[in-house]
Each structure stands twice: as structure tokens, then as C-alpha cells.
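# Architecture and fold: a report
In case you want the letters, here they are:
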Amino acid sequence: MSICYLNGKFLELSEARVSVLDRGFIFGDAVYEVIPAPGGRFFGLDEHLVRLERSLAAVQIAAPMAAEGWSAVLNELLVRNAGGDVAVYLQVTRGVAERDHAFPRDITPTVFAMCKPLPAQQGLARVSAITLPDNRWGRCDIKSTSLLANVLLRNEAVRRGCYEALLVRDGRLTEGAASNVFVVHGGRVRTPPLGPALLAGVTRGLIIDALARAGCEVEEADIEVAELAGADEIWLTSSSRDLVCVATLDQRRIGDGEHYPIAATALAALAAERQRRESAA
Ligand SMILES: Cc1ncc(COP(=O)(O)O)c(C=O)c1O
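What you are looking at is a predicted structure, and each value in this text was computed from that prediction instead of being measured.

### Let's talk about the overall build of the protein chain
The helix and strand inventory of the protein chain stands at 6 helices and 14 strands. Scaling as 2.2 N^0.38, a compact globule of 281 residues should have a C-alpha radius of gyration of about 19 Å, and the protein chain matches this with 19 Å. Referenced to the eigenvectors of the C-alpha coordinate spread, the extents of the protein chain come out at roughly 55 × 45 × 30 Å. Looking at the protein chain residue by residue over its 281 residues, the buried ones come to 50%. A fraction of 71% describes how many contacts in the protein chain between residues 6 or more apart in sequence connect residues 24 or more apart. Total accessible area computed for the protein chain in this model is approximately 13,400 Å², and 53% of it derives from carbon and sulfur atoms. Each charge class in the protein chain was averaged separately, 30 positive and 35 negative side chains, and the resulting centres sit 2 Å apart.

### Here we look at the domain arrangement of the protein chain
As far as domains go, the protein chain holds domain 1 (3-117) and domain 2 (125-279). Relative placement of domain 1 and domain 2: their C-alpha centres are 26 Å apart. With 21 residues of domain 1 at the interface, the matching set in domain 2 holds 18 residues. Buried area between domain 1 and domain 2, summed over both chains or domains, comes out near 1,700 Å², and the portion from carbon and sulfur atoms is 59%. Inspection of the domain 1/domain 2 interface yields 1 salt bridge. Close ionic contact of E47 with R277 constitutes a salt bridge, the shortest N to O distance being 2.8 Å. Among the secondary structure elements, those contributing two or more residues to the side of domain 1 that touches domain 2 are β3 (30-37), α2 (45-58) and β4 (86-93). Residue classes in the side of domain 1 that touches domain 2 are distributed as 11 nonpolar, 5 polar and 5 charged.

How each quantity is defined
Residues numbered from 1 in each chain as written. Predicted model: local features only at pLDDT ≥ 70, side-chain atom pairs only at ≥ 80, totals over all residues. Heavy atoms only, no water. Helix = DSSP H or I, 4+ residues; strand = E, 2+ residues; numbered from the N terminus. Rg over C-alpha atoms; globule rule 2.2 N^0.38 Å. Buried < 20%, exposed > 50% of the residue type's maximum accessible area, 1.4 Å probe, protein only. Contact = heavy atoms within 4.5 Å. Areas by Shrake-Rupley, 256 points an atom, 1.4 Å probe, with all protein chains shown as cover. Lys, Arg positive; Asp, Glu negative; His and termini not counted. Charge placed at Lys NZ, Arg CZ, Asp CG, Glu CD. Domains from an automatic or database assignment. Buried area = accessible area lost by both parts, 1.4 Å probe. Salt bridge = Lys/Arg side-chain N within 4 Å of Asp/Glu carboxyl O. Nonpolar A, V, L, I, M, F, W, Y, C, P; charged D, E, K, R; others polar.

Here you go:
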């Protein structure tokens, strides 16, 4: 897992070098993706590349390559790292320039990608979470590496012995510090609607579609923080962990703390979609 890609070359991670004037280092002026490849095969690559293109356009970084180019580079990276259960971390920064907030026009983006292990997932994981005020910026739909608020929020959750922080803005749930959130009440499944307040998670989208095919409609609707305590199920979704259940929120049990039947259906529907794509490939 030690081979990375940097600006057109595959090389040992320990040998990869980026200028200290890179705007990704100086300003966090960069966007990224984390793309899962269980068994060494990408799941959701097209969706991740579409979102990457959206993020690049939103921050006015010219796309360094088109989807076919990304696909070739990232698949080659998997091959060079000999597969396994990995996720590819891909980052595009605006590039190297004299330090100035305003950016020059003719600047070459820095492109970096590496593999990291995908956490092992066996069935439905159960985790603890806390709620915290969402103090991030107003464009959380852009997958930017400027993650200081997310870092502090997740770290506060971990410091309090929890896995994730569920973020609340104006009394409503937005998402987790590094995940999207689904909430179930009496069989009704909701997730907060897309917009600038949250990331359009690829796993979120895959689960909404997979559940619809299994006959369960997810409502993209606002969720008041006051509703969370009475939820039957709360799940967190992300590309690296698929779906995990929140068994306790702010030290209060969610549901019976053990059984999360709709989450199990969602996880099975996601696995079926992965299987279907692998068979079709
Ligand atoms: C803030 C935030 N929301 C949601 C997600 C989930 O997105 P995805 O399912 O595309 O991994 C992530 C993933 O890292 C994230 O950082």
C-alpha cells in the first residue's frame, strides 16, 4: 500500500514531495475524494468522479483530467498496490504559487492519490455519538480539504469516548463530522435534504436508491434535533464505513440499543447493489 500517485508519476509514498508553497498546504485550497475499493475493485467510482468535478468547478480549479483519465490513473494505483480492501484518497490542490489569498489564473493543480486500508466491516456496527453545534462554513456541499471545523468536532466526540458528532444548525440536523445521517421513526426513514449545509454523500445516495428498490422510500426532509431522542434508529453513512448504527446519542439509548431492522435492510440493499455492479462489470 506504499505506492502513491503524484503529478503524473507513481512513486513510493515516502518519496513523494510537495512544495511548501502549495496552496493546499498554505490555505487548505484543495478538494478531495475517498473512494472505496473493497477487494481491489472500486465501488461508486463514477459517482465519486462526478462529485469531484462538481467540487473542482465550485472552487474554480480547472479539472486536471476527464473521468476516463481519472479512472485509468486510479485503477493503475490499485494494481500497483496489489488490491486488497482499500480506499483511495485523491486530492487536487490549486497548485504552487507565491502566498496570496487571491489566486493566479495560470496555475497547475497538484494531483495526489494514495491507498489506505478500508476498515473491516462485519455486520451492523453500533457506535456512540454526541450532538454538537455545526460551526462550519456555508459551503459544506464542497468536498474541501479545509476541514479544521470537522477535525475539531470529530475530535471532541472521540475525546468524549464517542465515534461521531452529529451536527446541529438552527435546531436541525445537518450531518456527521465525517458522515451523513439517517433517522427512523415508526418505519418512516428521513435524511436531511441536500443543499449547502451538507455533503452529498455518495453512500447516502446509493442507500436512498437501494432502499427504494427494496420498497422503502427515504424522505429527504428536515429533522429537528428535538426529534432525535425518540428515534427508533439513527445511522451514519460514509464510503469508508458503509453504514453504522448509533446505539447511544448524548448518553441516551436509541431504540432498544440492539436491533436496527431498517438499517439491516439498508446495509443488505447496499451490498446487493455492490454485487450487482460487480457482476455487470
Ligand atoms: C462531512 C461529510 N459528510 C458526509 C460524508 C459521507 O460521504 P461519502 O458517503 O461520499 O463518503 C463524509 C465522508 O467523508 C464527510 O466527510
